[in-house]
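Here is how the chains run, residue by residue.
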Amino acid sequence: MKKKPLHKFYSLLVSALIVAATPVFAQDGKMYNMDVPDEPTAISLNTGGVEGQTAKESWFKQWGDPMARNISKATLTPFLADPKKANGATVIVAPGGGFMWLSMGNEGWEVAQALAARGINAFVLKYRLQPTLDGLDAFESQMNQRFADAAKLSSSDKPDAAPQRPRWNLDNQIADVEAAYKMITDRAEEWGVDTNRIGMIGFSAGAGLTMATTLQSDKVKLAFIGPIYGGMQAVEVPKDAPPMFAAIASDDFLFSGDFGVIKSWYDAKIPVELHLYQNGGHGFGLGNPDRTSNRWFDSFIYWLDVNGFLVQK
């Protein structure tokens, strides 16, 4: 049975991500153009384009990390574990970026490499994004205007008079996950995938996509999920929802003391583990210097192990 739409959830998610992303562009994160990199192992998912997209895919660097935007053709990049240590567990990795760009290094490739080093097959999903203006200067101006509008909305005591939050649906992005999942299951024997142990981990907007897929898709049957610094709003949990590992820092812009999604899983009597770290901010990926959140990845691997997801079957 198809799960009912979650427009309120999506609206809250996108609004929170835009507000949370403000410091990324407003402080000292200077952006630099970079050439579109070769991605020789990326596999096209053939899920279609993006309505209204006129700009070509482009990339930039920020804090040394490669970022992609104006993605209209989704791809999946395998990072397969060494067969000598592979255990069959598999993770779809969804980078974040407010559905307007993707942090491909910090929240994609680096995480996938770390998973593969632990014997876990990883697949980085480069999913379709909302269109942004062509040219880096135009893009930065566009983002700054959106952030100003979001800040005005947050501070207004007359919500009807303030700019409206974007009400994007995630149909494209969920379709990309579904195509990725199908490709992985279709090629499971070739890639050494145990189809009963396919999970998904996402960061920021990628965490939102992980959650939206879990709540909305009838085609993706995840064994476990790991939303990392995602929205914490309460949701209606499907009866067949997978166990969840969640991590967020208390100084994250997305965190306001709300544990709604954790309570939703708890009330549904589905296994859930939350790591609330003292510091780490937003977008810490595998970790930043001298932050308590730097140990989340080891905790995630331990959680997978204790729950039997890493046992060779």
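A. A look at helix 2 (residues 105–117). Helix geometry: helix 2 is bent most strongly at Val 111, by close to 25°. When helix 2 is considered as a whole, its buried residues turn out to be Gly 105, Asn 106, Glu 107, Gly 108, Val 111, Ala 112, Ala 114, Leu 115 and Ala 116.

B. Quick look at the sheet that holds strand 3 (residues 58–62). Strands sit in the order 1-3-4-7 across an open sheet of four strands; the sheet is antiparallel. With one partner strand each, in any of the chains shown, strand 1 (31–34) and strand 7 (101–103) form the two edges of the open sheet. For this sheet, the mean angle separating the axes of adjacent strands, direction not counted, is 35°. Sheet topology note: the strand 4 (residues 65–69)/strand 7 ladder contains three bridges and is antiparallel. Along strand 7, the bridge assignment pairs Met 67 with Ser 103.

C. Looking closely at the environment of Ala 249. Examined against the element boundaries, Ala 249 turns out to sit in strand 11 (residues 244–249). Sequence-wise, Ala 249 and Arg 291 are 42 residues apart; in three dimensions their C-alpha atoms are separated by 9.5 Å. Residue contacts for Ala 249: discarding those within four places in its chain leaves Phe 255, Leu 276, Tyr 277, Asn 279, Gly 280, Gly 281 and Phe 284.

D. Representation of unusual backbone geometry in the model. The backbone phi angle of Asn 46 is positive, close to 55°, even though this residue is not glycine. Within the secondary structure layout, Asn 46 lies in the loop between strand 2 (43–44) and strand 3. A residue is classified by how much of its surface remains accessible, and Asn 46, at 68% relative accessible area, is exposed. The phi dihedral of Phe 99 falls on the positive side, at around 65°, and the residue is not glycine. In this structure, Phe 99 sits in the loop between strand 6 (90–94) and strand 7. In this structure Phe 99 comes out as buried when scored by relative accessible area, which is 0%.

E. Just the packing of aromatic side chains, in detail. A full pass over the atoms with the stated rule returns 18 aromatic pairs. Summarising the aromatic geometry, the rings of Phe 203 and Tyr 229 are spaced 5.7 Å apart at their centres and angled 55° between planes, so their arrangement reads as tilted. With Phe 203 in strand 9 (residues 198–203) and Tyr 229 in the loop between strand 10 (225–228) and strand 11, the pair connects residues that are 26 residues apart, well separated along the chain. A relative accessible area of 0% means that Tyr 229 is categorised as buried.

F. Seen up close, the packing of helix 4 (residues 171–186) against helix 6 (residues 205–216). Contact pair helix 4 / helix 6: the axes reach a minimum separation of 10 Å and the direction vectors enclose 80°. The orientation of helix 4 with respect to helix 6, classified from their angle, is roughly perpendicular. In this structure, helix 4 uses Gln 173, Ile 174 and Val 177 to contact helix 6, whose residues at the interface are Leu 209, Ala 212, Thr 213 and Gln 216. A per-class count over the contact of helix 4 with helix 6 returns four nonpolar, three polar and no charged.

G. Inspection of the pattern of salt bridges at higher detail. Counted under the stated rule, the structure contains eight salt bridges. Residue Asp 186 is joined to Lys 182 by a salt bridge in which the shortest nitrogen-to-oxygen separation is 2.7 Å. On the criterion of helical spacing, the pair formed by Asp 186 and Lys 182 is a turn pair, its members being four residues apart in helix 4. Lys 182 matches Asp 186 in its accessibility class, with the two residues each being exposed. For the salt bridge of Glu 190 with Arg 187, the shortest nitrogen-to-oxygen distance reads 2.8 Å. For Glu 190, a relative accessible area of 54% corresponds to the exposed category. Residue class for Arg 187 comes out partly exposed when judged on its relative accessible area of 29%. Each member of the salt-bridge network shares a partner with another, and the members are Glu 39, Glu 57 and Lys 126.

What counts and how
- Residues numbered from 1 in each chain as written.
- Predicted model: local features only at pLDDT ≥ 70, side-chain atom pairs only at ≥ 80, totals over all residues.
- Heavy atoms only, no water.
- Bend = angle between axes of the 7 residues up to and from the residue.
- Helix = DSSP H or I, 4+ residues; strand = E, 2+ residues; numbered from the N terminus.
- Buried < 20%, exposed > 50% of the residue type's maximum accessible area, 1.4 Å probe, protein only.
- Pairing = 2+ DSSP bridges.
- Axes fitted to C-alpha atoms, helices over the stretch in contact; angles between N-to-C directions.
- Contact = heavy atoms within 4.5 Å.
- Phe/Tyr/Trp six-rings, centres within 6.5 Å; stacked < 30°, edge-to-face > 60°.
- Parallel < 35°, antiparallel > 145°, perpendicular 65-115°, else oblique.
- Nonpolar A, V, L, I, M, F, W, Y, C, P; charged D, E, K, R; others polar.
- Salt bridge = Lys/Arg side-chain N within 4 Å of Asp/Glu carboxyl O.

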